[in-house]
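# Chains, contacts and geometry: an overview
Chain by chain, the residues:
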Amino acid sequence: MHTLRYFLIALLFPFSVLAQQKTKIIVERFEATTTNTADKNNNISYLRKPVFRQDNATLACDSAVFYATKNIFDAFGNVHINQADTINIYSDRLNYNGNTKMAHLTSNVRMVDNQNVLTTNILDYNMASKVGTYVSGGKIVNKDVTLTSKNGYYFSNSRDAYFRYNVVVVTPESRITSDTLRYNTLTNWTYFYGPTNIKGKDDNLYTENGAYNTRTQYAYFGKKNLYTMNTKSLKGDSLYYDGIAGYGKAVRNIVFKDTADKTVMYGQLGFYYKKDERTLVTKNPYVGMGTADSIKVNNKLQPDSLWMGADTLETQMVLKKSLVLISSPVIKKDNELGEAEEEEGKKEAKVGATKKAALTEETGAKKRPDKPNKKNNSKTDKEKNKNLPEKARDTLAKESILKDSVSKDSTLLHKIPRQVKDSLLISKADALVKTGKDSLAKAIKAIPPTIKAKADTLAKGKTEKLKNAVPAAKQLANQAQAKKPLLKDSIPFNPEDTVRTRVIKAYHNVRVYKANMQAKADSLFYTSADSTLRWYKNPILWSEGSQQTGDTIYLQLKNKKLNTLQVLQQAFLVNVNADSARHNQIKGKLITAFFKDGKLKTMFVDGNAESIYYNQDDKNAYTDMNQTVSSRIKILFKEKQIEKIVTIRDPEGVRTPMPELKEDVFLTGFIWRPEQRPLSKKEVINGKPKSKPVAKKAAGVQTPPKTIAKGLNAKDKPLIKNIPVSKKDSIAVKPVLLKADSLMKTLPAKQKDTLKANTARPVPLKK
């Protein structure tokens, strides 16, 4: 080990000696000199316009004091240092030590290295290492960046510049403020080592460690990162961003917020697209939406937010006009059910009547003006004809007769086919032209020759004027046509066309939790424009003691509170009282529900509405079961339970007393999935906890737990018998209720099958 150390020292010693080797300052030329004879030992010279040289550098100034013995000089006025024809330094004063090769420049210092210009008041520059240092404030400017700081260190060899305290970097696209920063003038990469803000035209990014390229706008940030734009913000342990492409990536502990929509999105891996303002989170994503509801936690009211989780979440700002918005549902009145076809027939009849009336009005409007026009025209024509010669009167009279005949015939033209009309009009026009020519020829013969000559000259002048006027009129018409705006430009601007709104899309395994509502589906779409949550593909929604299923479910919020609910196609509602295992059921084509203060109040079921409802007495004991079918069913809720069911339009039903009910009855399509219901925000984020392994049973067979109906006497307590249930949802579950006296007997297998087939005797409903 010692021999290796000695070997390295021996190897590097010549290079260290060479680096520290002193060279003398050479005075190449000067204009005048004065030598201080008093101090001959120091050999002091006062030089005018001197040029010094040391190694590959030249130093020039207006005047200098040269200490030849000490190898030092002081320069004054227009100081210029040129090193290797690449670095040029200018200042008002310079103190240069040829032994250490250190230049201390003061006053109006300017250092030029290729396209980079460093300006400061005090600069220390090492001619050997090519390192410049300033501690009293400085600025570096190139074609892309302007950088200022209190302290700075510039390395000419690597083109790196280190800056400390009050660092500001200004580029055409951004303004960077930092505490500690390194900038490479060759690659345009900026490195941050402390609290840093990068402010763009409409956004800002904070970080405490990262890198940013001022030319390519590519960036990486790795500590306490926060990106903000207007009301939106994004956090993440690591952020990557391409400014030109407008693409960003966030990794670990992602938090996306929008204070305008009161929306927060979380996840572990996300992507951002600036062009369409879209954010996509693909790893453990969940989102929270603020509502106006509140819940009590430890006797304190806290806001009740809506939490949503899925395999993939996407949020985006889109034009409002590009969306198909859902309006609040409107329920038809009870007496309007089934009258849609009659109303359409009435509308068609009304439309036909209005068309006939319009036709009669149009024909009447054409006929009415004929009579008064004839009288007025005849009077005025007679008055004018008095002042004319007799021959002219005759011709005018013939023309008026022809006009009258044409006007009389015109009243009959509307009854003649179009082709015949055209032929009649053409023949009538030919007759008028012939008669007009004959009458004009006779009138011209009667005119004296002198008047005829004057008339010819006047006619020629008028025709020439007309010829000149025609092209001018055409030109004016073309200009007017060109000035007319196009049809597209005439459409008025609507500010609503530029309004943007937020949408949220959730894909696969969607889970929603709110204190008074939970849901599960394959996919979901939400927009703040109509505040409606849309669930698709096998959606299930739970609200208090009720469960809704269907092909599609719409849940609309109003003033950040639950307002309306719509279940479209194969709508099915199951309601279970808190102290019972009885399933009240309602199904139909469409379910429309209304909330009040966040609680379910009324519900309407339309289209082949069916219901099964278990009645209770004052002691909450079940008395009978009602099964009804009607066009509409109206349900009233009270304290999370069904209070009343009203059948509307063509109701049919049966009532079965509980003692006669041999088995529970389920409507076709019955689904009851309480085990899939999200019970907390934690289950929205992480999903339902995995159930503990259970002892193996026969494949495809499961047994429901034993439940006892509350409210009956001890002797009458029915027990639900355990029967096999298929895993398929389409098959209804029908557990059989056995009476207490039948429990004393052991039934054979054959009798069990016959007992399952028995049904209760239907009893008509009492009016």
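The shown structure was predicted, so the numbers you read here are calculated from the model rather than taken from an experiment.

What follows concerns the overall build of the protein. A tally of regular secondary structure across the protein gives 8 helices and 47 strands. Residues counted as buried form 35% of the 767 residues belonging to the protein. Nonlocal contacts in the protein, meaning residues at least 24 apart in sequence, comprise 44% of its contacts between residues at least 6 apart. Only carbon and sulfur atoms are counted for the fraction: they give 55% of the accessible area of the protein, which is about 47,600 Å².

Applying the stated rule across the entire model yields 18 aromatic pairs. Judged by centre distance (5.5 Å) and plane angle (55°), the rings of Phe 52 and Phe 66 are tilted. Placement of the pair is Phe 52 in strand 4 (residues 51–54) and Phe 66 in strand 6 (residues 63–67), with a sequence separation of 14 residues. No difference in accessibility class separates Phe 52 from Phe 66, as the two residues are buried. Taking 6.4 Å as the distance between ring centres and 35° as the angle between the ring planes, the aromatic pair formed by Tyr 266 and Trp 307 counts as tilted. Here Trp 307 lies in strand 31 (residues 306–309) and Tyr 266 lies in strand 26 (residues 263–273), a separation of 41 residues in the sequence. Its relative accessible area of 16% is what places Trp 307 among the buried residues. Three or more aromatic residues joined by ring pairs form one cluster here, namely Phe 52, Phe 66, Phe 73 and Tyr 96.

With that settled, consider the pattern of salt bridges. All chains considered together, the criterion is met by 19 salt bridges. Among the salt bridges present, the one from Asp 160 reaches Arg 182, with a minimum N-O distance of 3.5 Å. Remark: Arg 182 occurs in strand 16 (residues 175–184) and Asp 160 occurs in strand 15 (residues 160–170); sequence separation between them is 22 residues. Exposure remark for Arg 182: the relative accessible area of 17% places this residue in the buried category. Between Asp 202 and Lys 274 there is a salt bridge whose closest N-O contact spans 4.0 Å. Here Asp 202 is found in the loop between strand 18 (196–199) and strand 19 (204–207), whereas its partner Lys 274 is found in the loop between strand 26 and strand 27 (278–283), with 72 residues between them in sequence.

Overall, the predicted model of the protein reaches an average pLDDT of 74, with 65% of residues at or above 70. Scored below 50 in pLDDT, residues 1–20 shows 0 contacts in the model against residues more than four places distant or in partner chains. Confidence drops under pLDDT 50 across residues 697–767; counting only partners more than four residues distant or on other chains, this segment forms 92 contacts.

In terms of nonpolar packing, the biggest core is built from 92 residues, with Leu 94, Met 308 and Trp 535 touching the most fellow members. Leave out the neighbours within four places in its chain, and Trp 535 touches Val 512, Met 517, Ala 519, Ala 521, Ser 523, Leu 524, Leu 541, Asp 551, Thr 552, Ile 553 and Leu 555. By size, the runner-up hydrophobic cluster in this structure holds 12 residues, among which are Val 574, Met 625, Leu 661 and Phe 666.

With that settled, consider the pairing of strand 22 (residues 225–229). The side chains of a regular strand alternate between both faces of the sheet. Of the two faces of strand 22, only the one carrying Asn 225, Tyr 227 and Met 229 is buried; Leu 226 and Thr 228 on the other face are not. Sheet topology places strand 22 next to strand 23 (residues 232–236); 5 bridges connect them, and they run antiparallel. The partner of Leu 226 across the bridge, within strand 23, is Lys 235. In sequence, strand 22 turns back onto strand 23 through a hairpin of 2 residues, with Asn 230 there showing a positive phi of about 55°.

Next up on the list: a nonpolar patch on the surface. A cluster of nonpolar side chains, Val 135, Tyr 153, Phe 155 and Tyr 162, forms an exposed patch at the surface whose accessible area comes to about 340 Å². Residue position: Phe 155 is located in strand 14 (residues 151–155).

Let's shift gears to the side chain of Asn 71. For Asn 71, the location among the structural elements is in the loop between strand 6 and strand 7 (72–83). Judged by its relative accessible area of 2%, Asn 71 falls in the buried class. A distance of 3.3 Å separates a polar atom in the side chain of Asn 71 from a polar atom in the side chain of Asn 99.

With that out of the way, let us pick up a positive patch on the surface. On the surface, Lys 596, Lys 599, Lys 601, Lys 638 and Lys 640 cluster together into a patch of positive charge. Among the structural elements, Lys 596 can be located in strand 40 (residues 583–596). For Lys 596, a relative accessible area of 53% puts it in the exposed group.

Right, let's get into the environment of Cys 61. Mapped onto the secondary structure, Cys 61 falls in the loop between strand 5 (57–60) and strand 6. Its relative accessible area of 6% is what places Cys 61 among the buried residues. For the pair Cys 61 and Ile 81, spaced 20 residues apart in the sequence, the C-alpha separation amounts to 8.9 Å. Sequence-distant contacts of Cys 61, that is, excluding residues within four places in its chain, are made with Lys 49, Pro 50, Ala 75, Phe 76, Gly 77, Asn 78 and Val 79.

Mapped onto the elements, Lys 101 comes out in the loop between strand 8 (87–97) and strand 9 (102–113). Taking C-alpha positions, Lys 101 is 9.2 Å from Ser 129, a pair spaced 28 residues apart along the chain. Among residues more than four places away in sequence, those in contact with Lys 101 are Thr 23, Gln 54, Asp 55, Tyr 96, Tyr 125, Asn 126, Met 127 and Ala 128.

Taking every second residue as pointing to the same face, the buried face of strand 18 carries Thr 196 and Ile 198, while none of Asn 197 and Lys 199 on the other face is buried. With 4 bridges connecting them, strand 18 and strand 19 associate as antiparallel partners. For Asn 197, the partnering residue across the bridge sits in strand 19 and is Tyr 206. The hairpin turn running from strand 18 into strand 19, its antiparallel successor, is 4 residues long.

Residue placement: Asn 584 occurs in strand 40. Remark: the alpha-carbon pair of Asn 584 and Ser 611, spanning 27 residues in sequence, is separated by 7.6 Å. Excluding residues within four positions of it along the chain, Asn 584 makes contact with Leu 573, Val 574, Asn 575, Asn 577, Ile 612, Tyr 613, Tyr 614 and Ile 642. Polar side-chain contacts of Asn 584 include one of 3.0 Å to the backbone nitrogen of Tyr 614.

What follows is about unusual backbone geometry. Of note in this structure, Asn 284 is not a glycine but carries a positive phi near 50°. Considering the arrangement of structural elements, one finds Asn 284 in the loop between strand 27 and strand 28 (286–289). Look at Asn 284 and you get partly exposed, because its relative accessible area is 49%. Within the chain, Lys 560 stands out as a residue other than glycine whose phi angle is a positive 65°. Considering the arrangement of structural elements, one finds Lys 560 in the loop between strand 38 (552–558) and strand 39 (561–576).

Criteria and cut-off values
Residues numbered from 1 in each chain as written. Predicted model: local features only at pLDDT ≥ 70, side-chain atom pairs only at ≥ 80, totals over all residues. Heavy atoms only, no water. Helix = DSSP H or I, 4+ residues; strand = E, 2+ residues; numbered from the N terminus. Buried < 20%, exposed > 50% of the residue type's maximum accessible area, 1.4 Å probe, protein only. Contact = heavy atoms within 4.5 Å. Areas by Shrake-Rupley, 256 points an atom, 1.4 Å probe, with all protein chains shown as cover. Phe/Tyr/Trp six-rings, centres within 6.5 Å; stacked < 30°, edge-to-face > 60°. Salt bridge = Lys/Arg side-chain N within 4 Å of Asp/Glu carboxyl O. pLDDT = per-residue confidence, 0-100. Core = buried A, V, L, I, M, F, W, Y, C linked by side-chain atoms within 4.5 Å. Pairing = 2+ DSSP bridges. Patch = residues over 30% accessible without salt bridge, like charges linked within 9 Å, V, L, I, M, F, W, Y side chains within 5 Å. Polar contact = N/O pair within 3.5 Å; in protein donor to acceptor, adjacent residues only side chain to side chain. Lys, Arg positive; Asp, Glu negative; His and termini not counted. Charge placed at Lys NZ, Arg CZ, Asp CG, Glu CD.

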